[in-house]
Amino acid sequence: MANGDDALAAGMDILAGTDDRRNGWDEENKTRDYIAQRTNAITPLVKGGTGADNAEAARANLGLVKWASSADADGKVPMYHSGGRIAVARPTSNGHASDKEYVDDIYNLLNGNKLDKSGGTITGSLFLPNATPATSGYAVAYVNGDGRLAKNASSERYKKHISEIDPGALGDIWPQLHRYQMRNGDGSWKYGYIAERLAESDDLRPFVVYRTESTTDPETGLTEVSLVLDRDGGDPVPESIDFIALLMAQNAQLHQAVDLLAQRLDALETRDEPA
């Protein structure tokens, strides 16, 4: 193949040996125009190019998909952050690359997010799906007014204004029993009391547990617990029932009633005995 055959095949003009060399400057400029045209032209896929004039179209022509954080399918092109660090999706299998956020989460889970023996605060829900039975002894757990998980405090050293009470003076502390289903439950029927119904009774209202909220003073660091009021800003919002206190009060009333019946029975038997 002679010199100039490739240029001729590509559609370029070529010089003959008889052309006036004094016009060489013009041919030089034409050659540079050819170079500029080839540089600015879109190179098709069959010639090793992308067939596009922008990155998005080039990826589409090459059958590639831009990396996205919501997926990590094969054939995706990695992106780089402004700092020059490569961005990868969350790993879903062994051998996958991991992004820093994922690694930090695992590190915090194994190290930083564990509660120290001296205690700590959990801002979300506490799940213990693999908890084992208490076989070496146990204590009933309570949630303190400030959200702290605590044991029962039955000792008098934790209490004040202690006084005996006549169970009969508590009035009618026997709520209406209801049947219901939990809104987010499995559809099974449950039986129990309703806090709002207890709150409607003067006798049962002391056994209602109302919703509270905690606020911390940023300057003093002191936490104050206050009742949450309903939308009208009037009544406290019922949250639960102090079932243990209610059951103890009901048991005391029953015991009192049984004791009175026993006394009456003894009186009747004594009266009927022969002189």
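Once a new chain begins, its residue numbering starts again from 1 and follows that chain's sequence as written. Note on the predicted model: pLDDT of at least 70 is required for a residue's local features to be given, and 80 or more for side-chain atom pairs to be given and counted; whole-chain, interface and lining totals, by contrast, use all residues. Side-chain numbers come from the whole structure's heavy atoms, not from hydrogens or water.

K.L.:
Explain the overall build of the chain to me, please; I cannot follow it from the model alone.
P.N.:
Every helix listed is a DSSP run of H or I at least four residues long, and every strand listed is a run of E at least two residues long, numbered separately from the N terminus. Broken down by element type, the chain carries 6 helices and 12 strands. The proportion of buried residues among the 275 residues of the chain is 11%. Whether two residues are in contact is decided by their heavy atoms, any of which lying within 4.5 Å being enough. Of the contacts made within the chain by residues no fewer than 6 positions apart, 32% connect residues no fewer than 24 positions apart. Values of accessible area rely on a 1.4 Å probe in the Shrake-Rupley scheme; residue burial ignores everything except the protein chains shown. Accessible area of the chain: about 23,200 Å², with a carbon and sulfur share of 52%. The classification of residues rests on relative accessible area computed with a 1.4 Å probe and restricted to protein chains. Under 20% of the type maximum is buried, over 50% is exposed, and intermediate values are partly exposed.

K.L.:
Help me out: how do you make sense of the nonpolar core in this one?
P.N.:
The nonpolar side chains of a soluble globular protein tend to be buried with one another. The definition of a nonpolar core used throughout is a set of buried Ala, Val, Leu, Ile, Met, Phe, Trp, Tyr and Cys residues joined through side-chain atoms within 4.5 Å. Core analysis: the largest hydrophobic core is formed by 10 residues, namely I173, A195, L198, A199, L204, F207, V208, I241, L246 and A249. Contributions of two or more residues to this core are made by helix 5 (195-199) and helix 6 (243-272). Here this core gets 3 residues from one element, more than from any other, and that element is helix 5. What A249 contacts, discounting residues up to four positions off in sequence, is L170, I173 and F207.

K.L.:
Can you walk me through the layout of surface pockets in this structure?
P.N.:
Over the atoms a probe the size of a water molecule is rolled, and this reveals where empty space is left. Buriedness of a pocket was judged along seven lines, with at least five required to meet protein on both sides within 12 Å; pockets are open sets of points on a 1 Å grid over the protein atoms alone, cavities are sets where a 1.4 Å probe fits but cannot get out, and lining residues have an atom within 4 Å of a point. Grid points are joined across faces, edges and corners, and a volume is the space filled by probe spheres set on the points. Empty space within the largest pocket amounts to approximately 510 Å³. Forming the boundary of the largest pocket are 13 residues, of which T121, I122, G147, R148 and L149 lie nearest the centre. A class-by-class count of the residues in the lining of the largest pocket yields 5 nonpolar, 6 polar and 2 charged. Approximately 370 Å³ is the volume attributed to the second largest pocket. If you trace the second largest pocket, you find 17 residues lining it, with V143, N144, G145, D146 and G147 closest to the centre. Here the element with the most residues in the lining of the second largest pocket is strand 10 (residues 212-216); it accounts for 3 residues. All residues other than Ala, Val, Leu, Ile, Met, Phe, Trp, Tyr, Cys, Pro, Asp, Glu, Lys and Arg, Gly among them, are scored as polar; the first ten of these are nonpolar and the last four charged. Of the residues assigned to the lining of the second largest pocket, the class counts are 6 nonpolar, 5 polar and 6 charged.

K.L.:
Looking at this model, I keep getting lost on the packing of aromatic side chains. Mind explaining?
P.N.:
Describing an aromatic ring pair means giving the distance of the ring centres and the angle of the ring planes. Planes of paired rings set the category: under 30 degrees apart is stacked, over 60 is edge-to-face and the rest tilted, where pairs are Phe, Tyr or Trp rings (Trp by its six-membered ring) whose centres lie within 6.5 Å. Inspection of the entire model under this criterion finds 0 aromatic pairs. Any Lys NZ or Arg CZ found within 6 Å of a ring centre and within 35 degrees of that ring's normal is scored as a charge over the ring. Across the ring face of W189, the terminal group of R179 is positioned such that the distance to the ring centre comes to 3.7 Å.

K.L.:
Help me understand the pattern of salt bridges, please; the structure alone is not making it clear to me.
P.N.:
Side chains that differ in charge, positive against negative, can pair when their charged atoms come close. Within this document, salt bridges are pairs made up of a side-chain nitrogen of Lys or Arg and a carboxyl oxygen of Asp or Glu, the two lying within 4 Å of each other. One pass over the full model with this rule turns up 3 salt bridges. Residues E200 and R197 are paired through a salt bridge, measuring 3.0 Å at the closest nitrogen-oxygen approach. On the accessibility criterion, E200 (57% relative accessible area) is exposed. Here R197 falls in the partly exposed class, since its relative accessible area comes to 40%. Where D202 meets R205, a salt bridge forms, and the shortest distance between an N and an O atom there is 2.9 Å. We classify R205 as partly exposed; its relative accessible area is 32%.

Read these as geometric descriptors, not functional statements.
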